[in-house]
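Summary of structural features
Spelled out, the chains give:
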Amino acid sequence: MTLLATRSQREQRGSARHGVAFWLIAAVFAVSLAFSTVPAPLYPLYQRQDGFSSFTVTIVFAVYAVGVIVSLLLAGRVSDWAGRRRILLPALGLEIVAAVLFLTWPALPGLILARFLTGLGVGLITATATAFLLELHTAHRPSAGRARFEIVSAAANLGGLGTGTLVAGALAQFAPAPLRTPYLVFLILLALSVAAVAAVPETVIAPAVRPPYRPQRVRVTGSALVPAAAAFAAFAVFGLFTSLAPGFVAGSLHHPGRLLAGAVTFLVFAAGAAAQSAFRPRLRAGLLTLAAGLVIVAAATQLTSLALFLTGGALAGAGAGVVFKSAVGATVAASAAHERGASLAGLFLIAYLGLVGPVLGLGVATRTVPATTAMLWFTGFLLTLLAAIAVLDRFRRS
């Protein structure tokens, strides 16, 4: 009886430890993704300080996405056998180095290098932290469903992305040294994140024989086509609001406030996180909401209406959040436990191609046509893609 009681107490302590670790990793996930969007409300300041064009801002943003893609390709599946903590720690180290570069080398070459390193870190973190959260949730509540995991991972992901812009915008508006203070604050938070990851238990048991290394293979099968395309479309919208939208609000809409620049991006991600938490991941409803938001955003650019732009951004963010949640849910449900990190890495890889491709095209377009015209082209492309996803989803279900 005593041995049974001792074993039960040991299991309860382990379960409680996994519960604490779940929330610590959620916080680390949020902080790391928040850091990745810190420059978004600061781009207008960089433009005024160094004479950046909108196209240069797009290049800086694209370099970040390239870093994410390279990281996912080279190491997206490694945490499945190396362990989640052993990937998260160096990933956070890359973000810390990037923060130091932002602080010490604010010229364009330093900005580009810092954004690339940030992308490398985020590429390692996204799939790894998502898989880590699911495993910690399961260890803490083995008989529970995945609802808590889905809500918390979505909030950490999109909520973190949005919070980074809001905090950076507020610090740039009210604190001294607007191009330094936000990075200093997040440098401290990233250091605390390293300590948190070092303290949590590992969930991956290393295999007796290490599998041969190979880069992430991207295979979009028939069943994965709709989730992949949905993730691509959702991140294209998020890319717009973390790259060119703050400058568009400051320039074309004539509202140059730094806090407002951060709040616009925060609104989009907050709406996405709230929609993910409040609604079931219904792809069709998300597609319709996303399409409606894009139409309103396009109308706002023609009418130069900030209120309409914010309304459309919130709707587009909510729709994109639901669409992306459905993509993640479908991917997790179809993945074996030992392939979960690789499957999520593949999904995030497609998503980040959506983050960089359409936005880079939008930046190129602004060199030859007015920003309002380029936004109309961007909207038309995405609406066509959303219609194609809806048709493919209907065929898949029939």
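First things first, this report covers the structure right here in the doc.

**What to know about the side chain of Thr 37**
Relative to the elements of secondary structure, Thr 37 occurs in the loop between helix H1 (2–36) and helix H2 (43–50). When its relative accessible area of 5% is taken as the criterion, Thr 37 is described as buried. For Thr 37, the contacting residues outside a window of four places in its chain are Gly 160, Leu 161, Gly 164, Thr 165 and Thr 242.

**Details of the packing of aromatic side chains**
All told, the structure shown has 11 aromatic pairs when counted by the stated rule. For the pair Phe 235 and Tyr 352, a centre-to-centre distance of 5.1 Å together with 65 degrees between the ring planes defines the contact as edge-to-face. Note that Phe 235 is positioned in helix H9 (residues 222–243) and Tyr 352 in helix H14 (residues 340–365), a separation of 117 residues in sequence. You can call Tyr 352 buried: its relative accessible area is 3%. Counting every residue linked through ring pairs, the aromatic cluster contains Phe 61, Tyr 64, Phe 235, Phe 238, Phe 269, Phe 324 and Tyr 352. Note that Arg 115 overlies the ring of Tyr 64, its terminal NZ or CZ placed 4.4 Å from the centroid. The ring centre of Phe 22 lies 4.1 Å from the NZ or CZ of Arg 148, which sits over that ring.

**Structural notes on a nonpolar patch on the surface**
On the surface, Leu 184, Val 185, Ile 188, Leu 189 and Leu 192 cluster together to form a nonpolar patch covering roughly 420 Å² of accessible area. Along the chain, Leu 192 falls in helix H8 (residues 181–199).

About the criteria used
- Residues numbered from 1 in each chain as written.
- Predicted model: local features only at pLDDT ≥ 70, side-chain atom pairs only at ≥ 80, totals over all residues.
- Heavy atoms only, no water.
- Helix = DSSP H or I, 4+ residues; strand = E, 2+ residues; numbered from the N terminus.
- Buried < 20%, exposed > 50% of the residue type's maximum accessible area, 1.4 Å probe, protein only.
- Contact = heavy atoms within 4.5 Å.
- Phe/Tyr/Trp six-rings, centres within 6.5 Å; stacked < 30°, edge-to-face > 60°.
- Lys NZ or Arg CZ within 6 Å of the ring centre and 35° of its normal.
- Patch = residues over 30% accessible without salt bridge, like charges linked within 9 Å, V, L, I, M, F, W, Y side chains within 5 Å.
- Areas by Shrake-Rupley, 256 points an atom, 1.4 Å probe, with all protein chains shown as cover.
- Salt bridge = Lys/Arg side-chain N within 4 Å of Asp/Glu carboxyl O.

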